[in-house]
Amino acid sequence: MRPAQESAPRELPAEGLADRTAELAVIRQRVVEGLDAESALRQHRLGKSTARERIARLLDEGSFNELEMLRRHRATDFGMDAKRPYTDGVVTGWGTVEGRRVFVYAHDFGIFGGSLGEAHAAKIHKVMDLAESAGAPLIGLNDGAGARIQEGVMALAGYGGIFRRNVQASGVIPQISVMLGPCAGGAAYSPALTDFVLMVRGTASMYVTGPDVIKAVTGEEIDFEGLGGAEVHARSGQATSVHDDEDDAFEQLRWLLSFLPQNNREFPPEEPCDDPVDRSCDGLLDIVPSSPNQPYDVRRVIEEIVDHGEFLELQEAWAGNVVIGLARIGGQVVGLVANQPLVLAGVLDIDASQKAARFIRFCDSFNIPLVSLVDVPGFLPGVDQEHNAIIRNGAKLLYAYCEATVPRIQVLMRKAYGGAYIVMDSRSIGTDLSLAWPSNEVAVMGAEAATNVIHRRTILAAEDQQETRRQLVEEYQRTLMHPYYGAERGLVDDVIDPRETRSAIHEGLRMLRSKRVDLPKRKHGNSPL
Ligand code: HXC
């Protein structure tokens, strides 16, 4: 028996307020418990939770306020009028996480597979509108089959309304998607428009067309996990992070929220800091090798610099040659962008440029200062990169830095060659403070390559070509391969002892606290998207 789904005409309302109030309690109980008993069984069998269980686990206890619990669809085709469950397959409302307001929607897979019809969409539209006007993060707990087939164009239009709101709210409130089941079509596209996408291994998948359609069209055979599972999207970059279970995903979500402001008019939450800001980062001298080609893990540098070594890395499994994430320095939230010499020697390529660019734009939207740790040999050479538009994609990163108005600090750690130096938040594109370690070398290219270009004739004409080349390489190194060349010319603000990196960044952040930039009036720029 599924009372909440019955379509029979309502009985006459009870008489008197007391009776009507009792009747309301029964209806509410039916919605919450009656329906859940059915869907819970299936969800639990699959290792998943119901929409209400998820909301209860994510939000502070007792903080959830539900919206439109009694809404039902009005579709009549395909026998839909015989099946009109309350909620229409999505639970929406608001509550708090660690005392801070959030708005939530959660698909109920037990109702039409969590698919989206007109009423379902209207509920999500409403909670999105409220989140934007109240200025609080929107969290989507996704477990749905996409557009509800029986409702045709009304379902498609419902998604259009969600996409438009995702875009309108972008840069106004943080939007976070948690993928907890199979998410087809629109249920995957809306998350792609949000700022963060967390996925659960084994149960979540995202795809535009499912395995059956793919087989029919291309003949390829693949299952849901192989097509769009968490590991696939960790590597495609569509997932910000992947998790072993729902609780792990919610824990990460809470940590993520702790770094974010409620909206673009607020600053990210500061925390009291008991990690001394003037702490000497002695470990840095050992972590970063002096030879420019020797790899090391830049995450160790980050952990040495930030408060208590706590760093929330994002999109870890995609484009590992650049590391992005959130941390605090002196209690103040910062967004870190760091070249990673451990992967592809830390070069910038198409994926790394896209990854860093979107993160920079997120930080800029939400008043999060940027700290860039630079150790980059250049852009990745290769036919594949050129043919797949490294120019346009590298330009995305350039664009993102150039338009960012939040405080920006560049730390030149070791090498920074060519265009990659310019792009990694150099002074010429607007960084506020450029700090260099004594080990830093900035040049158009490395010494050997440069010497071969500019002294080719001299070397060819020399009696002892090897010795001549050696001398010319040395001359190049003496002239250019140190931070003092840039410091003398005002492109480096200070050459610092690496052990003072934390305190120098902190001082820079304090100095830039009141930074204000007035931009020329325009509708928007035209980023090479
Ligand atoms: C209506 C749907 C539905 C849909 C599933 N159901 N998908 N009802 N519209 N799109 C119903 C099923 O009939 C079933 O109802 C219940 O939900 C559970 O579905 P199952 O197939 O039994 O579950 P499961 O085996 O777990 O498979 C889940 C699934 C699969 C992978 C999501 O159902 C599926 O592939 N559905 C179609 C997905 C799809 O193509 N959506 C349209 C995307 S296009 P009963 O009554 O039997 O329990 C789109 C447009 C926007 O979204 C695109 C923008 C870019």
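Structure: see above.
Heads up: these notes are all about the structure in this document. (Residues numbered from 1 in each chain as written. Predicted model: local features only at pLDDT ≥ 70, side-chain atom pairs only at ≥ 80, totals over all residues. Heavy atoms only, no water.)

### A short note on the site of the ligand
Rules: A single heavy atom is enough: if one lies within 4 Å of a molecule or strand, its residue is considered near that molecule or strand. Distance and chemistry together define a polar contact, namely a pair of N or O atoms within 3.5 Å, with one atom able to donate a hydrogen and the other to accept it when in protein, and with adjacent residues in sequence counting only for side-chain atoms on both sides. In this description, accessible areas are obtained by the Shrake-Rupley approach with a 1.4 Å probe, and a residue is regarded as covered only by the protein chains that are shown. In this text, helices come from DSSP runs of H or I with a minimum length of four residues, and strands from runs of E with a minimum of two, each type numbered from the N-terminal end.
Contacts to the ligand come from 21 residues, most closely from Gly-113, Ala-145, Ala-147, Ile-149 and Gly-186. Here an oxygen atom of the ligand and a side-chain polar atom of Lys-83 are 3.5 Å apart. A distance of 2.9 Å is found between an oxygen atom of the ligand and a backbone nitrogen or oxygen belonging to Ala-147. Here the ligand loses 56% of its free accessible area of 1,000 Å² to cover by the protein chains. Of all the elements in the fold, those that place two or more residues in the shell around the ligand are helix 4 (152-169) and helix 5 (186-192). Take the shell around the ligand: its biggest share by element is 3 residues, from helix 4.

### Points about the environment of Trp-437
The condition is simple: The contact criterion used is simple: two residues touch if any of their non-hydrogen atoms lie within 4.5 Å.
Looking at where Trp-437 falls in the secondary structure, it is placed in the loop between strand 15 (433-436) and strand 16 (441-443). Sequence-wise, Trp-437 and Asn-293 are 144 residues apart; in three dimensions their C-alpha atoms are separated by 16 Å. Ignoring sequence-local partners within four residues, the contact set of Trp-437 consists of Leu-284, Val-288, Val-411, Leu-412, Met-413, Pro-483, Val-495, Ile-496, Pro-498 and Thr-501.

### Looking at the pairing of strand 13 (residues 370-376)
Stated formally: Only protein chains enter the accessibility calculation, which uses a 1.4 Å probe; a residue is then buried when its area is under 20% of its type maximum, exposed when over 50%, and partly exposed in between. We call a crossover right-handed when, viewed with both strands directed away from the observer, the connection leading from the first strand over the helix to the second proceeds clockwise.
Along strand 13, 7 of the 7 residues are buried, which leaves the element largely enclosed by surrounding structure. Crossover strand 12 (residues 332-339) to strand 13 through helix 12 (residues 350-365) is right-handed.

### Points about the packing of helix 3 (residues 118-134) against helix 4
To keep things clear, this is the line we draw: Each axis is a line fitted through C-alpha atoms, and for a helix only the stretch in contact is used; angles between axes span 0 to 180 degrees, taken between their N-to-C directions. Note that the term roughly parallel is reserved for angles under 35 degrees, roughly antiparallel for angles over 145, roughly perpendicular for angles of 65 to 115, and oblique for everything else. Residues are grouped as follows: Ala, Val, Leu, Ile, Met, Phe, Trp, Tyr, Cys and Pro are nonpolar; Asp, Glu, Lys and Arg are charged; every other residue, Gly included, is polar.
Running from N to C, helix 3 and helix 4 point in directions that differ by 10 degrees, and their axes come no closer than 8 Å. In terms of orientation, helix 3 and helix 4 fall into the roughly parallel class. Every residue of helix 4 that contacts helix 3 at Glu-118, Ala-121, Ile-124, His-125, Met-128, Asp-129 and Glu-132 is listed here: Met-154, Gly-158, Gly-161, Ile-162, Arg-165, Asn-166, Gln-168 and Ala-169. Taken together, the residues of the contact of helix 3 with helix 4 break down into 6 nonpolar, 5 polar and 4 charged.

### Points about the side chain of His-506
Within the fold, His-506 resides in helix 20 (residues 501-511). Taking relative accessible area as the criterion, His-506 reaches 11% and is therefore assigned buried. Not counting chain neighbours up to four residues away, the residues in contact with His-506 comprise Val-277, Ile-329 and Gly-330.

### A short note on the environment of Ala-122
Assignment of secondary structure puts Ala-122 in helix 3. Residue Ala-122 is classed as partly exposed on the basis of its relative accessible area of 21%. It is 9.6 Å that separates the C-alpha atoms of Ala-122 and Tyr-159, two residues lying 37 residues apart in sequence. Sequence-distant contacts of Ala-122, that is, excluding residues within four places in its chain, are made with Glu-68 and Arg-71.

### Some remarks on the side chain of Thr-451
Position of Thr-451 relative to the elements: it lies in helix 16 (residues 447-454). Setting aside chain neighbours within four positions, we find Thr-451 in contact with Arg-456, Ile-459, Arg-469, Leu-472, Val-473 and Tyr-476.

### Digging into a nonpolar patch on the surface
Put simply, the rule is: Patches draw on residues past 30% relative accessible area with no salt bridge. Two like charges within 9 Å are joined, as are two nonpolar side chains (Val, Leu, Ile, Met, Phe, Trp, Tyr) within 5 Å. Salt bridges are identified by distance alone: a Lys or Arg side-chain nitrogen within 4 Å of an Asp or Glu carboxyl oxygen.
A surface patch of nonpolar side chains, amounting to about 390 Å² of accessible area, comprises Val-444, Met-445, Val-453 and Ile-454. You can call Ile-454 exposed: its relative accessible area is 56%.

### Quick word on helix 11 (residues 298-305)
Rules: Taking the helix axis as origin, the arc is that swept by the directions to the C-beta atoms.
Residues Val-298, Val-301, Ile-302 and Ile-305 constitute the buried set of helix 11. One side of helix 11 carries all its buried residues, which in axial view fall inside an arc of 100 degrees. Capping the start of helix 11 is the job of one residue whose side-chain oxygen sits 3.0 Å from the backbone nitrogen of Arg-299: Asp-297.

### Focus: the nonpolar core
The condition is simple: As used here, the term nonpolar core means buried Ala, Val, Leu, Ile, Met, Phe, Trp, Tyr and Cys residues forming a set that is joined through side-chain atoms within 4.5 Å.
One finds Leu-141, Val-178, Leu-260, Leu-326, Val-337 and Ile-360 to be the most contacted residues of the largest nonpolar core, which totals 60 residues. In terms of residue count, the dominant contributor to this core is helix 12 (7 residues). For Leu-260, the residues in contact, after removing those within four places along its chain, are Arg-100, Pro-174, Ile-176, Phe-196, Pro-268, Pro-269, Leu-326, Phe-362 and Ile-368. Counting 30 residues, the second-largest nonpolar core is a separate cluster that includes Cys-281, Ile-305, Phe-311 and Trp-437.

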